[in-house]
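Coordinate analysis (summary)
One-letter residues, chain by chain:
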Amino acid sequence: MRRVLTGAVALSLAAPLAACGKDDKDADAGKDTIGLLLPENKADRYEKFDRRIISSRLAKLCLECTVDYGNAEQQVSTQKSQFDALVEKGVKVIILDPVDAQAAKSWVDSAAKKGVQVVSYDRLAEGDVAAYVSYDNEKIGRLQGEALLTALGPKAGSANVVMLNGSPTDPNAPSYKKGAHAALDGKVRKVVYEKDIPDWSAAEAKKEMSDAINSLGAQGFDAVYSANDGLADGIAEALKAGGVKNVPVGGQDAELPALQRLISGAQAFTLYKEVRPEAETAAEIAFGLLRGKSISSVTTTTAGNKTKSGIPARLFKAKVVTKKNMKDTVVRDGVVRTDLLCADLAAECQSLGLR
């Protein structure tokens, strides 16, 4: 579906590293290199935030270290090639955000037997991972469900809800779904249409939402649970094309188009998951493992996948963002520039005190 990125791309952490005169070919990979493998570049966050913040934090922790970076562009085979290449080079710590958690199990287990420690980032990979950094994903789903109930207000008890969940290959998606159902089941009349969306595809979400409208009718549902903002983008397009108005749609990730939909009224809320603490913590854990230091001070809980329990973990909390508190959350924290946010929404932004 997208072009495959071949090989892992070596990335120098910061300008001071260049002054050291080292590059990936010359450096002792096992001693001073940390692998960083991110899953895709559809969402803005990975290239603009996660990669930059992790690299920056590592640069401050370790001037002599380098990051060997690869983005899989949603291709499992690409990510496997990138992972295998890091292991072959002798890299001993890899921060991995898996495209497919189950598919990664054999790589992680094989690498662990060779002394390679994997920090599972944002999504919990299967296998013998050394540590995990993410958000409490079931709580996120519950928070989304509760926010949808709030958006429905007194109509919640009689509301029919459409649910478009995340990708079946993403280990976070079932947790979001479980949490959302825990919040919605028994509080709304019925979930009348529900689908999982492969690869978090906005185009597929648009198609499913169009099918739901055709099946249920424009008056046959009262709200839409969307597992993230990318899906909400396709959902909003389908609702507009179907002439459906005043139906709350949720999401998560606080992406710019979603924040603009909040302002225009096409989306009711999103969830703000601060990337910086998650990314910096992943960098700190990876460096600690690289140098054989304890990571107990930054892993405040444990997690488990299908094959391993007691994985040292750090799980963060998210915040609900609506147009009413946008100024005091994502705008205050510099996640979005108001000139971009308000480019075509000047009057609406002024009324919200954003300009």
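Refer to the structure presented above.
Residues numbered from 1 in each chain as written. Predicted model: local features only at pLDDT ≥ 70, side-chain atom pairs only at ≥ 80, totals over all residues. Heavy atoms only, no water.

Attention now moves to the nonpolar core. In this structure, Tyr-121, Met-209, Phe-221 and Ile-235 are the most contacted members of the largest nonpolar core, which totals 71 residues. At 9 residues, the largest contribution of residues to this core is made by helix H11 (residues 275-290). Ignoring sequence-local partners within four residues, the contact set of Phe-221 consists of Asn-160, Val-162, Val-192, Met-209, Ile-213, Leu-216, Leu-239, Val-244 and Val-247. The next biggest cluster of nonpolar side chains, apart from the first, holds 20 residues, and it includes Leu-86, Leu-96, Val-116 and Val-129. (Core = buried A, V, L, I, M, F, W, Y, C linked by side-chain atoms within 4.5 Å. Buried < 20%, exposed > 50% of the residue type's maximum accessible area, 1.4 Å probe, protein only. Helix = DSSP H or I, 4+ residues; strand = E, 2+ residues; numbered from the N terminus. Contact = heavy atoms within 4.5 Å.)

Contact geometry of helix H4 (residues 76-89) with helix H5 (residues 105-113) gives a least axis separation of 11 Å together with a crossing angle of 5 degrees. Taken together, the axis directions place H4 and H5 in an arrangement best described as roughly parallel. Seen from H4, the contacting residues are Val-76, Gln-79, Lys-80, Phe-83 and Val-87; seen from H5, they are Trp-107, Val-108 and Ala-111. A breakdown of the residues in the contact of H4 with H5 according to their chemical character gives 6 nonpolar, 1 polar and 1 charged. (Axes fitted to C-alpha atoms, helices over the stretch in contact; angles between N-to-C directions. Parallel < 35°, antiparallel > 145°, perpendicular 65-115°, else oblique. Nonpolar A, V, L, I, M, F, W, Y, C, P; charged D, E, K, R; others polar.)

Per the counting criterion, the structure on display carries 23 salt bridges. Of the charged contacts, one joins Glu-64 and Arg-291 as a salt bridge, the two residues approaching to 3.2 Å between their closest N and O atoms. Of the two residues, Glu-64 is situated in the loop between helix H3 (45-61) and strand S3 (66-71) and Arg-291 in the loop between H11 and strand S11 (301-303); the sequence distance between them amounts to 227 residues. For Glu-64, a relative accessible area of 35% translates into the label partly exposed. For Arg-123, the salt bridge goes to Asp-170, with nearest N and O atoms at 3.0 Å. Taken as a pair, Arg-123 in the loop between strand S5 (117-121) and strand S6 (131-135) and Asp-170 in the loop between strand S7 (160-165) and helix H7 (172-184) lie far apart in primary sequence, 47 residues in all. No difference in accessibility class separates Arg-123 from Asp-170, as the two residues are buried. (Salt bridge = Lys/Arg side-chain N within 4 Å of Asp/Glu carboxyl O.)

A word on the state of the cysteines. Summed over all chains, the structure comprises 2 disulfides. Here Cys-62 connects covalently by a disulfide to Cys-65, the sulfurs 2.0 Å from one another. Measuring the twist about the S-S bond at about 75 degrees, one finds the Cys-62-Cys-65 disulfide to be right-handed. Each of the two residues, Cys-62 as well as Cys-65, counts as buried. Here the protein chain pairs its bonded cysteines, counted in sequence order, in the arrangement 1-2, 3-4. (Disulfide = S-S within 2.5 Å.)

Next up on the list: the environment of Arg-57. As for its position among the elements, Arg-57 is in helix H3. Note: C-alpha distance between Arg-57 and Glu-237 (180 residues apart in sequence) is 38 Å. The contact partners of Arg-57, leaving out residues within four places of it in the chain, are Glu-280, Ala-283 and Glu-284.

Before going further, it helps to spend a moment on helix H10 (residues 256-264). The set of residues buried in H10 consists of Ala-258, Leu-259, Arg-261, Leu-262 and Ile-263. On its buried side, H10 packs onto helix H9 (229-241), strand S10 (270-272), strand S13 (319-321), helix H12 (327-331), helix H13 (338-341) and helix H14 (346-351). Of the residues one or two after H10, Gly-265 is the one with positive phi, at around 95 degrees.

Structurally, the position occupied by Leu-61 is in helix H3. When the C-alpha atoms of Leu-61 and Glu-284 are compared, they prove to be 7.8 Å apart, with 223 residues separating the residues in sequence. Not counting residues within four places of it along the chain, the set of residues in contact with Leu-61 comprises Ala-283, Glu-284 and Phe-287.

What follows covers the pairing of strand S9 (residues 223-226). Residues Ala-223 and Tyr-225 of S9 are buried on one face, and the alternating residues Val-224 and Ser-226, pointing to the opposite face, are buried as well. Inspection of the sheet shows S7 paired to S9 by 4 bridges, in the parallel sense. In the strand pairing of S9, Val-162 is matched with Val-224. (Pairing = 2+ DSSP bridges.)

Our focus in this paragraph is the sheet that holds S7. Taken in spatial order, the 3 strands line up as S8-S7-S9 in an open sheet, and their pairing is parallel. Both outer strands of the open sheet, strand S8 (190-196) and S9, are each paired with one neighbouring strand and no more. The sheet shows a mean angle of 15 degrees between the axes of neighbouring strands, direction not considered.

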